[in-house]
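Each chain, written out:
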Amino acid sequence: MLISTKYSGGSTIAEGRNSGRTGLGRVRYWRAADPTFAIVVVLALILGVMVIPPLASLVQGSLRLTTPTGDLGDFTLDHYRRILSDRQFYQSLANSLVFCIGTAVLAIGMGGVVAWFVVRTTTPFKSLAYLSAIVSLGTPYVLYVTAWLFLLGRSGPVNTALMAMTGSVRPIVNVYSLTGMIVIEGFLWSPLAFLLLAAVFRSANADYEEAARMSGAGIPRTLVHVSLRMMLPALLAVAVLIAVRSLEAFEVPTLVGLPGAIKLLTTEIYLDMKKSVPPDLGYASAFSVVLLFLAAILLYFYSRLVRNAARFHTVTGRGYRPRPFELGRVRYVGDAFVLLNFVLILVVPTFALLWLSLMPFTQTISLNGLKALTLENYDLVFHSGFYLDLAWKTWVMSAGAATLVMAVTVLSAWLAVRRRPGAFLLDGLATVPLVFPGIVLGVAMIQILLAAPVPVYGTIWAFVIAFAIRYLPYGMRYASSGMLQVHPELEEAAGVAGGSPLLALRRIVIPLIRPAIVSGWLFIFLVAARDVSLAVMLASPAAEPVAVAMFDLWGNGQGTELAAFGLVWTAMMTVVACGLYAAARQVEASGFGA
Amino acid sequence: MRIGSLVASAVLAWCLHMPASCRAADAALIAAAKKEGRVVWYTTLIVNQAIRPLAKAFEEKYPGIEVRYSRADSGPTALKILNEARAARLQADVFDGTGTVPPLVRAGLVAAYLPPTAANYPPALKDPDGHWICTNLYFLTPGINTGLIPRETAPRTLQDLLNPKWRGRIAWSSNPTAGAGTFIGTVLRRLGEDAGLAYLRSLAKQQIVSVDASSRAVLDQVITGEYAMALDIFNHHAVLSAAKGAPVDWLKLEPVAAPIQVASLLKDAPHPNAGKLLLEFLTSEEGQRIFAAVDYLPAMPGIAAKVPSLKPDGGGFAADILPPEVLAQNTDHWMMIFKDLFR
C-alpha cells in the first residue's frame with residue numbers, strides 16, 4: 001500500500017479502516033461534547049416546517065373530494081380506487097416499470113461511465129463533459145424534449161436520411177415508442193448521474209484500486225470488484241432519485257408516449273388533472289402518496305445497505321489522493337465515449353434548437369431550409385428585453401434555494417451518516433418532497449404562505465422557499481453520497497486534539513466533500529431555474545422567473561421563437577453556471593490542493 | 001345554431017349606431033382609479049404578444065395607473081385567485097380566460113360589473129348577470145400542411161374527415177378547451193348527442209393522434225410534416241405562419257368551435273376603480289384595435305381582424321360560440337368521450 005502522510009496527523013486511534021467503530025475514543029468523543037443532538041432537533045424542526053405542511057395537504061387532498069370551487073369536500077377513497085381500477089392498470093404499470101428501469105440504466109450508464117473516464121483517467125475532454133451536463137441541465141425541459149422529437153420524428157432529419165438511404169416509404173425510427181421515451185428521458189437524467197458520480201469519484205481513494213491492480217487484477221476486474229463496490233451508495237442514490245422521478249414524470253410520457261398511444265401510470269393522471277378549471281388535484285395527490293410509499297421502501301433498502309458505512313469509507317486518515325488510471329490504449333475508447341456523450345447530450349439537441357431558432361417557421365433540416373435562414377427570432381428576443389430583466393431575479397431564486405438546500409442537507413447528511421440519535425428522521429424528511437407534483441406543492445405553498453404572518457407571498461422569497469423544499473431530496477443525496485466516503489477517524493482525530501464535532505465538520509469534513517457540495521449546488525441552481533409547474537403557481541407581478549415568462553410562448557408562440565428564447569436563456573445559464581463552477585474549483589484548489 | 005351568422009348580421013347594426021366609442025371614461029372613475037395608482041391583472045393572454053402592448057397603451061392613456069400582470073393558464077389562475085380569496089388576501093383586480101370564470105362565480109368572487117362599452121357587444125359576448133365580457137375571439141378549425149394536402153383535395157365537411165385516406169394522418173391536441181375537447185363538444189352540439197356519438201365512433205377509426213401539447217405546437221408539427229392535418233387549431237395561427245412562408249392553411253370546415261376569451265372584475269378587488277377602467281379600456285374601440293394589431297381577433301363587432309377572413313363576418317363561416325359556462329358544464333363529458341373513443 002502506498003503511504004502518504006498528508007492527513008495522517010490524527011490517526012493515532014485509527015489502526016485500520018474499521019478500527020474506530022466501537023472504540024472507546026469515539027464514544028467518549030461524541031458524549032463529551034454532544035451539541036449534535038440539539039442540532040438534530042433544530043434541523044428536524046426546520047425540515048419539518050418545510051416538508052410536513054405540504055405533505056399534510058397532499059395526503060388530505062388525496063382523501064377528499066374537490067368541490068367545483070376548488071374547496072376540499074367529503075372524505076373519499078375514490079382517488080385511490082381509480083388508480084387501481086384503471087382498465088389498463090397492469091399494462092400501464094408494466095410500461096411504467098420498463099420506462100423507469102430503462103431510464104435509470106441508461107442515465108446511470110452514460111453518466112457513470114463518463115464520470116469515471118473524466119475523473120479517474122487522463123482523458124483530455126474533461127471540460128466537455130462538464131459543459132455537456134451544464135448546458136443540458138440549463139436547457140428548458142420542454143425544449144430539450146421538443147428538440148429530440150424534432151430530430152427523431154417521422155418527418156425529422158434522421159428518418160428522412162434513413163428513408164432516402166433505404167428507399168423505404170415509411171419512417172424507420174419510431175420515436176413514439178417505449179424505447180424512444182427511455183432514450184429521451186435517460187438523456188435528460190444522465191447529467192444528474194454524471195455530476196453526482198463525478199463528485200464521488202473525485203473523492204475516491206485510489207489505494208484500493210491500485211492494490212487490486214498490483215495483486216494482478218485487470219482494469220475490468222478492478223472496476224467491478226473495487227471501484228463499483230465503493231461507489232454503491234452513490235449509484236443507489238442516483239438510482240432511487242431517477243427511478244422515482246421517472247415514475248412520476250409526465251413531460252415525456254405525455255409528449256412522446258401519448259402520440260404513440262403508450263400508456264404509463266401517470267398519463268391518465270395528468271390528463272385528468274388538466275381537464276377542469278380549477279384542476280382537480282385529488283387523483284394526482286393519491287398517486288403521489290402511493291409513490292411516497294414506494295420511495296420509502298427503496299430508501300429503506302438503501303439505508304440498510306449503507307448501514308455498514310465503513311465499507312464505503314474511501315477517505316481515511318491515510319493518504320488520499322485520487323490518482324488517474326493509466327489506461328494505455330483503452331483510453332481511446334474512453335475519449336470516444338466522452339466525445340459521444342458530448343455529441344448526444346449537447347451538440348445534437350442544441351443543433352436542432354439552433355436550426356429551429358434560425359427558421360421563420362418550423363421546418364425540417366434540409367439544404368432547402370438553408371435559404372430561409374433568418375435572425376428574426378433573435379431580433380424578437382433582444383427586443384423583448386423584459387424577459388432578460390427577469391434573469392437576475394431567477395438567479396437569486398435558484399441560487400438562494402440551492403444554498404439553503406445544501407446548507408441544510410450537508411448538516412443533515414453528516415448527522416445521518418454518523419448515525420446520531422434521531423438523525424435518520426432527517427434523511428426521511430428531506431426525501432419526502434421527491435414525490436410532490438409541482439402543481440400540488442404550488443397550491444400547498446400558496447396556502448401556507450398566505451397564512452404565514454410574514455408577507456412572503458408574491459415575493460422572490462416565496463420561490464426560494466418553495467424551490468428549496470422541492471429540491472431537498474437532491475441535495476440530500478449529493479451530500480450523503482459525499483459524506484459516506486469520509487471515514488470518521490478524521491473527525492475523531494480532531495476530537496482527540498480538542499476540536500468540537502462542529503469544528504471538525506467545518507474544517508475537515510466540508511472541505512473533503514466539497515466536490516459533492518459544489519455538484520449538488522450546481523444541479524439545484526440549474527434545475528430550479530427551469531422549473532415551470534411549481535413556479536407558475538407562485539408567480540406574481542412582482543416575482544416571476546424566466547421559465548414562466550418564456551413558457552407562455554409554448555402555448556401560443558411559434559416553436560421557432562421559443563427555440564430562440566430557450567437558446568439565449570441556456571447560453572446565459574451556462575455562462576453563469578460555468579463561472580460559478582470555475583470559482584468554486586478555484587477555492588477548492590487553493591484551500592485543498594486537490 | 002347559426003350564432004356566427006347572427007353575429008355577422010348584428011355587425012352591421014352595431015356599426016351603424018356605434019356610440020361615440022372614443023367617449024372618454026367617466027371622469028370620477030378615472031380620478032378614483034388614479035388614486036389607487038395600480039391595477040393587477042391575472043391573465044391567460046400571451047405577455048409578449050398581447051399584454052405588453054395593451055398595458056403600455058393603457059398606461060399612456062391613464063398616466064399614474066400602473067398595470068401589473070401575472071400570466072398563467074386558466075387552471076393555475078383560478079387556483080391562485082381561489083386561494084388568495086380564501087385567505088382574504090386577494091391580489092388581483094381583473095382576470096381573464098376562456099374557462100376561468102365559472103368556478104370563481106360559483107365561489108362568489110366575481111363582481112357583477114359590465115363597463116359602459118358593453119353596450120357595443122351582442123348578448124352572446126357578455127354575461128347576462130354581468131360577470132364577464134368578451135375581449136377577443138378564437139376560432140378552432142382544421143389546419144393542413146399544403147405540401148401534403150393540396151387545397152382542392154382538402155376535406156370540406158365532417159364526413160370528408162372519415163375518408164380512409166386520412167387514417168393516421170390527423171392529429172389534435174389533448175387540450176380540453178382548444179383541441180380534442182372542443183372538437184368533440186362542437187360535433188355533439190351540432191349533430192345532437194346520438195348522431196354526434198355515432199360520428200365520433202367513425203372518426204375514432206381514423207386513428208387520430210393525440211398530442212399533449214398546445215394546439216399551436218400541434219400545428220407546428222403539421223407544418224414540419226409530422227402529420228398532414230390537425231383538428232381544432234386556432235385559425236389565426238395558421239395565417240401567421242403562412243405569412244412567413246409556411247406550407248399551411250386553415251379550413252372553413254363547420255362547425256367551427258369558438259371558445260371566447262372573457263375578462264371579469266373581482267368583487268373584492270384591491271383596486272376596484274382601476275380594475276373597472278382596465279375592463280373598459282380592453283373592450284373599448286381603442287383596446288380592440290390593439291388586439292387586432294397584434295394578430296388577435298377583436299370581439300367588438302365592426303372591428304375587423306388584421307386578416308378579416310379570420311372572423312365569421314369577414315370569412316363567411318358560422319361559428320359555434322362556447323361561452324365559459326358551456327365549457328365548464330360540458331368539458332368533463334367531452335373528455336370522457338375522448339378517453340373512451342380516442343385513447
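Some thoughts on the overall build of chain B
- Helix and strand content of chain B: 13 helices and twelve strands.
- The C-alpha atoms of chain B give 20 Å as radius of gyration, which agrees with the globular expectation for 343 residues (20 Å, within 12%).
- Its C-alpha atoms give chain B principal-axis dimensions of roughly 65 × 45 × 35 Å.
- Each of the 343 residues in chain B was classed as buried or not, and the buried ones make up 57%.
- Pairs at least 24 residues apart make up 78% of the contacts formed inside chain B by residues separated by at least 6 positions.

As for the overall build of chain A
- When helices and strands are counted, chain A shows 27 helices and two strands.
- What you see for chain A is a C-alpha radius of gyration of 25 Å, in line with the 25 Å of a compact globule of 594 residues.
- Projected onto the principal axes, the alpha-carbon positions of chain A cover approximately 70 × 65 × 50 Å.
- Taking all 594 residues of chain A together, 56% fall into the buried category.
- Long-range pairs, those at least 24 residues apart, make up 82% of the contacts in chain A with a sequence separation of at least 6.

A short note on the domain arrangement of chain B
All names here are of chain B.
- Taken domain by domain, chain B consists of domain 1 (3–137 + 259–317) and domain 2 (140–258 + 325–342).
- The distance between the C-alpha centroids of domain 1 and domain 2 comes to 28 Å.
- Counting from both sides, the interface comprises twelve residues of domain 1 and, opposite them, 15 residues of domain 2.
- When grouped by side-chain class, the residues that make up the side of domain 1 that touches domain 2 number eight nonpolar, three polar and one charged.

Observations regarding the interface of chain B and chain A
- Listed as interface residues are 50 residues of chain B and, on the opposing side, 45 residues of chain A.
- Only helix H3 (47–61), strand S2 (66–71), helix H4 (74–86), helix H5 (101–106), strand S7 (209–211), helix H8 (215–224) and helix H13 (324–342) of chain B provide two or more residues apiece to the side of chain B that touches chain A.
- Per-class residue counts for the side of chain B that touches chain A are 20 nonpolar, 17 polar and 13 charged.

As for helix H6 (residues 141–152) of chain A
Residues and elements named next belong to chain A.
- Its twelve residues place the ends of H6 17 Å apart at the C-alpha level, agreeing with the 16 Å of an ideal helix rising 1.5 Å per residue.
- Within H6, twelve of the twelve residues are buried, which leaves the element mostly enclosed by the surrounding structure.
- Turning to H6, its buried residues are Tyr141, Val142, Leu143, Tyr144, Val145, Thr146, Ala147, Trp148, Leu149, Phe150, Leu151 and Leu152.

Some words on the packing of helix H6 (residues 180–191) of chain B against helix H7 (residues 193–204) of chain B
Residues and elements named next belong to chain B.
- Running from N to C, H6 and H7 cross one another at 135°; their axes reach a closest spacing of 6 Å. Between H6 and H7, the angle is such that the two are oblique. Between H6 and H7 the crossing geometry is right-handed. Here H6 contributes Ile184, Val187, Leu188 and Leu191 to the contact with H7, which in turn contributes Glu193, Ala195, Gly196, Tyr199 and Leu200.
- Split into classes, the residues belonging to the contact of H6 with H7 amount to seven nonpolar, one polar and one charged.

Looking at helix H14 (residues 282–305) of chain A
- The end-to-end C-alpha distance of H14 of chain A is 35 Å, a good match for the 34 Å that 24 residues give at a rise of 1.5 Å each.
- Of the positions making up H14 of chain A, those classed as buried are Gly282, Tyr283, Ala284, Ser285, Ala286, Phe287, Ser288, Leu291, Leu292, Ala295 and Tyr302 of chain A.

Let's talk about unusual backbone geometry
- Along the chain, Glu254 of chain B connects to Pro255 of chain B via a cis peptide bond; the corresponding omega equals 5°.
- Inspection of the secondary structure assignment puts Pro255 of chain B in the loop between strand S9 (248–250) and strand S10 (256–265).
- Of note in this structure, Arg419 of chain A is not a glycine but carries a positive phi near 55°.
- Considering the arrangement of structural elements, one finds Arg419 of chain A in the loop between helix H18 (385–417) and helix H19 (424–431).

Concerning the pairing of S10 of chain B
Residue and element names in this part refer to chain B.
- Burial runs high along S10: ten of the ten residues are buried.
- The alternating pattern of S10 places Val256, Ala258, Ile260, Val262 and Ser264 and Ala257, Pro259, Gln261, Ala263 and Leu265 on opposite faces, both of which are buried.
- Summarising the sheet, strand S3 (residues 94–97) and S10 pair through four bridges and their orientation is antiparallel. Across the sheet, the residue bridging to Val94 is Leu265, located in S10.
- Inspection of the sheet shows S10 paired to strand S12 (residues 319–322) by four bridges, in the parallel sense. By the bridge assignment, Ala257 is partnered in S12 with Asp320.

What to know about the environment of Ser92 of chain A
- Mapped onto the elements, Ser92 of chain A comes out in helix H4 (residues 89–120).
- With residues near it in sequence (within four places) discarded, Ser92 of chain A still touches Asp86, Lys263, Leu264 and Leu265 of chain A.

Topic: the nonpolar core
- Among the nonpolar cores identified, the biggest contains 316 residues, and Leu196, Leu197, Val238, Ala401, Ala468 and Ile524 of chain A are the most heavily contacted of them.
- Per-element tally for this core: the top contributor is helix H8 (residues 178–202) of chain A, with 17 residues.
- Shared between two domains, this core holds at least three residues of each, these being domain 1 (3–137 + 259–317) and domain 2 (140–258 + 325–342) of chain B.
- Residues contacting Ala401 of chain A, with those up to four places away along its chain left out, are Val464, Phe467, Ala468, Tyr471, Ile524 and Ala528 of chain A.

Let's talk about the confidence of the model for chain B
Residue and element names in this part refer to chain B.
- On average, residues of chain B score 91 in pLDDT, and 93% of them reach the 70 mark or higher.
- Segment residues 8–22: pLDDT under 50, and 20 contacts once partners within four positions in sequence are set aside and those in other chains are kept.
- Predicted as a complex, the structure gets a pTM of 0.86 and an ipTM equal to 0.83.

Re the pairing of strand S2 (residues 72–75) of chain A
All names here are of chain A.
- Pairing between strand S1 (residues 64–66) and S2: two bridges, direction antiparallel. When the sheet's bridge partners are listed, Thr66 is paired in S2 with Leu72.
- In textbook terms, the turn of a hairpin is the stretch between consecutive antiparallel strands, and for S1 and S2 this stretch comprises five residues, one of which, Gly70, has a positive phi near 85°.

Rules of the game
- All residue numbers here refer to positions counted from 1 along the written sequence of the relevant chain.
- Lettering for chains starts from A, numbering for ligands starts from 1, and both go in the order in which the items are written.
- The predicted nature of this model means local features are confined to residues of pLDDT at least 70 and side-chain atom pairs, given and counted, to a pLDDT of 80 or more, with totals for whole chains, interfaces and linings taken over all residues.
- The secondary structure listing takes helices from DSSP runs of H or I that are at least 4 residues long and strands from runs of E that are at least 2 residues long, numbered from the N terminus.
- Radius of gyration means the value over C-alpha atoms here, while the globule rule gives 2.2 Å times the residue count to the 0.38 power.
- Working definition of burial: number of other C-beta atoms within 10 Å of the residue's own, with buried at 20 or more, exposed at 12 or fewer, and partly exposed in between, all C-beta atoms being placed from the backbone.
- C-beta atoms are first placed from the backbone for all residues, and any pair lying within 7 Å is then listed as a contact.
- Note that the domain bounds reflect an automated or database-derived domain assignment.
- Three categories are distinguished: nonpolar for Ala, Val, Leu, Ile, Met, Phe, Trp, Tyr, Cys and Pro, charged for Asp, Glu, Lys and Arg, and polar for the others, with Gly belonging to the last.
- For a helix, the expected span equals 1.5 Å multiplied by the number of residues minus one.
- Lines fitted to C-alpha atoms define the axes, with helix axes restricted to the stretch in contact, and inter-axis angles between N-to-C directions lie between 0 and 180 degrees.
- For classification, angles of less than 35 degrees are called roughly parallel, those exceeding 145 degrees roughly antiparallel, those between 65 and 115 degrees roughly perpendicular, and all remaining angles oblique.
- We call a crossing left-handed when the near helix sits turned anticlockwise from the far one by less than a right angle, and right-handed when that turn is clockwise.
- Only when DSSP finds a minimum of two bridges between them are two strands counted as paired.
- To define a nonpolar core, we join buried Ala, Val, Leu, Ile, Met, Phe, Trp, Tyr and Cys residues through C-beta atoms within 7 Å and take the resulting set.
- The predictor reports its confidence for every residue as pLDDT, a score running from 0 up to 100.

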